[in-house]
Amino acid sequence: TRAWRATLSTWWEVVLVTNLLSANLFRLRKSILFWVTLLLCAAAGAWQPLQTYLEYQRKFPLDAIFFVYAMLIGLVLSVFLPLFFGSEYSDGTIRNKLAAGHPRLSVYLANLITAVFVALIFCGGYILCTLAVGVPLLGGPKAPGPLLTSLILSLLMAAVWCAIFTVLIMNFSRKAASAVCCMLLFLAIFGAAITVYQVLDAPEFYPSLQLVDGEMVSEMVRNPRYLQPDERKIYELLLDLDPVGQAVQFTDGNVTRPVQMALCSMGIFAITTAAGLALFRRKDLK
């Protein structure tokens with residue numbers, strides 16, 4: 001009997017999430033903000049290969065500019081998601097959902113799934129326009145295998161941004177506060193990734209000018225801040241844990257740890273979702 005009740009409860013929650021998803025997608029279809037943002041992503045995807053062709057002709061392959069969207073998607077989502085979902089508190093939509101019998105788990109997961117769907121649509125719009133304009137101008141990808149691997153990893157990274165921002169959006173009652181916090185968090189994550197990347201990119205030796213017998217002589221001096229192998233592994237893990245750190249690797253075409261990057265993305269997604277759910281269940285919705 002208990003097993004049947006648990007099964008029925010699980011199926012009922014799935015039905016509730018599906019209903020909430022349908023409502024979110026209906027709102028999305030009617031949202032001017034969504035269509036304008038999608039249009040901007042598509043325009044950016046078309047402009048990048050066109051600009052590269054006008055400036056460099058065919059000297060740069062399509063692979064070199066394909067993942068520019070990976071650096072932009074975090075910023076786009078930090079603006080769009082708080083504005084789209086933040087109105088649910090001010091309009092009383094959250095209270096209405098709960099009053100209609102939807103559990104908090106279903107409400108949270110429905111918004112998170114919708115956010116991931118939005119992120120995939122934005123990335124897809126950029127990618128399709130990049131291919132449509134870039135392939136005729138710059139040619140096809142030179143390394144389709146690594147490109148596909150990086151593409152999958154970049155979509156996982158976009159889902160991580162959704163999980164991070166959903167935590168803030170669902171636990172701040174004011175749209176302006178959640179929007180500001182999302183943008184500040186993006187900037188903090190961006191700054192942390194650049195700092196870690198610069199440490200990893202530091203050369204082992206650097207040239208130093210010294211005066212010898214009245215002449216300036218250049219010699220290579222060992223960099224005391226160069227990371228040793230054990231330290232480098234720690235910094236590489238920190239870079240893979242940071243969505244912007246992953247985006248830097250995509251744009252540089254330097255994805256050497258795909259399995260670790262995938263595990264980091266899935267781990268952050270799971271941890272942030274669990275933390276967001278725990279906070280949302282305890283939130284006092286007045």
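Residues numbered from 1 in each chain as written. Predicted model: local features only at pLDDT ≥ 70, side-chain atom pairs only at ≥ 80, totals over all residues. Heavy atoms only, no water.

1. What to know about the overall build of the protein
Inference 1: The number of helices and strands found in the protein is 11 helices and two strands.
Inference 2: Starting at the N terminus and walking to the C terminus, you meet the elements of the protein as α-α-α-α-α-α-α-α-β-β-α-α-α.
Inference 3: When the accessible surface of the protein is totalled, it reaches about 15,600 Å², and 67% of it is carbon and sulfur. (Helix = DSSP H or I, 4+ residues; strand = E, 2+ residues; numbered from the N terminus. Areas by Shrake-Rupley, 256 points an atom, 1.4 Å probe, with all protein chains shown as cover.)

2. With respect to the state of the cysteines
Inference 1: The full count for this structure, using the stated rule, is zero disulfides.
Inference 2: Residue Cys-181 stays outside any disulfide, its sulfur separated by 7.2 Å from that of Cys-182, the closest cysteine.
Inference 3: Accessibility expressed as a relative area gives 25% for Cys-181, which makes it partly exposed. (Disulfide = S-S within 2.5 Å. Buried < 20%, exposed > 50% of the residue type's maximum accessible area, 1.4 Å probe, protein only.)

3. Concerning a nonpolar patch on the surface
Inference 1: Among the surface-exposed residues, Leu-33, Leu-75, Val-79, Leu-83 and Met-183 lie close enough to one another that they form a single nonpolar patch of about 360 Å² accessible area.
Inference 2: At three residues, helix 3 (residues 68–85) tops the list of elements feeding residues into the nonpolar patch. (Patch = residues over 30% accessible without salt bridge, like charges linked within 9 Å, V, L, I, M, F, W, Y side chains within 5 Å. Salt bridge = Lys/Arg side-chain N within 4 Å of Asp/Glu carboxyl O.)

4. A few points about the nonpolar core
Inference 1: Ranked by internal contacts, the top residues of the largest apolar core, which has 50 residues, are Ile-73, Leu-77, Phe-80, Leu-81, Phe-122, Trp-161 and Phe-165.
Inference 2: Taken together, the elements giving at least two residues each to this core come down to helix 2 (32–56), helix 3, helix 6 (104–138), helix 7 (144–171), helix 8 (175–200), helix 10 (243–252) and helix 11 (258–282).
Inference 3: Per-element accounting of this core gives the leading share, 13 residues, to helix 7.
Inference 4: Apart from residues lying up to four places away in sequence, Leu-77 is in contact with Pro-82, Ala-119, Phe-122, Ala-158, Trp-161, Cys-162 and Phe-165.
Inference 5: Leu-20, Leu-21, Ile-94 and Phe-280 belong to the second largest nonpolar core, which has 14 residues in total. (Core = buried A, V, L, I, M, F, W, Y, C linked by side-chain atoms within 4.5 Å. Contact = heavy atoms within 4.5 Å.)

5. Overview of the environment of Val-167
Inference 1: With respect to the helices, strands and loops of the structure, Val-167 is situated in helix 7.
Inference 2: Classification of Val-167 as buried rests on a relative accessible area of 14%.
Inference 3: With 11 residues separating them in the primary sequence, Val-167 and Ser-178 have C-alpha atoms 9.6 Å apart.
Inference 4: If sequence neighbours within four positions are ignored, Val-167 has contacts with Tyr-108, Thr-272, Gly-276 and Leu-279.

6. Observations regarding the pattern of salt bridges
Inference 1: Within the structure shown, the criterion is met by two salt bridges.
Inference 2: Note that Arg-257 is salt-bridged to Glu-236, the shortest N-O span being 3.6 Å. Of the two residues, Arg-257 is situated in the loop between helix 10 and helix 11 and Glu-236 in helix 9 (residues 229–241); the sequence distance between them amounts to 21 residues.
Inference 3: When the shortest N-O distance is used, the salt bridge between Arg-257 and Asp-240 registers 2.9 Å. Within this pair, whereas Arg-257 is found in the loop between helix 10 and helix 11, its partner Asp-240 is found in helix 9, the two being separated by 17 residues in sequence. Across the pair, Asp-240 and Arg-257 agree in class, each one buried.

7. Quick word on helix 3
Inference 1: With 18 residues, helix 3 should cover 26 Å at 1.5 Å per step; its first-to-last C-alpha distance of 26 Å lies within 8% of that length.
Inference 2: The complete set of buried residues in helix 3 reads Tyr-69, Ala-70, Ile-73, Gly-74, Leu-77, Ser-78, Phe-80, Leu-81, Pro-82, Phe-84 and Phe-85. (Expected span 1.5 Å × (residues − 1).)

8. Here's the deal with the side chain of Thr-130
Inference 1: When you line up the elements, Thr-130 lands in helix 6.
Inference 2: Owing to a relative accessible area of 1%, Thr-130 belongs among the buried residues under this scheme.
Inference 3: Of the polar contacts made by the side chain of Thr-130, one reaches the backbone oxygen of Gly-45; its length is 3.0 Å.
Inference 4: Excluding its chain neighbours within four sequence positions, the residues that come into contact with Thr-130 are Gly-45, Ala-46, Pro-49, Leu-62, Phe-66 and Val-135. (Polar contact = N/O pair within 3.5 Å; in protein donor to acceptor, adjacent residues only side chain to side chain.)

9. Comments concerning the confidence of the model for the protein
Inference 1: Looking at the protein as a whole, the pLDDT averages 85, with 88% of positions reaching at least 70.
Inference 2: Predicted confidence in the protein is weakest over strand 1 (residues 205–212), with a mean pLDDT of 63, and strongest over helix 11, with 94.
Inference 3: Segment residues 1–13: pLDDT under 50, and two contacts once partners within four positions in sequence are set aside and those in other chains are kept. (pLDDT = per-residue confidence, 0-100.)

10. Quick notes on helix 9
Inference 1: Over its 13 residues, helix 9 runs 18 Å from end to end, which matches the ideal 18 Å to within 8%, given 1.5 Å per residue.
Inference 2: Three or more residues of helix 9 are buried, namely Arg-232, Glu-236, Leu-239 and Asp-240. Looking straight down helix 9, one finds its buried side chains confined to an arc of 95 degrees; they lie on one side. Residues Asp-230 and Ile-234 are exposed on helix 9 and point more than 90 degrees away from its buried face.
Inference 3: Looking at the packing, one finds that the buried side of helix 9 touches helix 8, helix 10 and helix 11. (Arc of directions from axis to C-beta.)

11. Details of the packing of helix 6 against helix 11
Inference 1: Where helix 6 meets helix 11, the axes come as close as 10 Å, and the angle between the chain directions of the two elements is 140 degrees. What the angle tells us is that helix 6 and helix 11 run oblique. The handedness of the crossing between helix 6 and helix 11 is right-handed. Across from Arg-104, Leu-105, Val-107, Tyr-108, Leu-109, Leu-112 and Val-116 in helix 6, the residues of helix 11 making contact are Phe-269, Thr-272, Thr-273, Gly-276, Leu-277, Phe-280, Arg-281 and Arg-282.
Inference 2: Classifying every residue of the contact of helix 6 with helix 11 gives nine nonpolar, three polar and three charged. (Axes fitted to C-alpha atoms, helices over the stretch in contact; angles between N-to-C directions. Parallel < 35°, antiparallel > 145°, perpendicular 65-115°, else oblique. Left-handed = near helix turned anticlockwise from the far one by under 90°. Nonpolar A, V, L, I, M, F, W, Y, C, P; charged D, E, K, R; others polar.)

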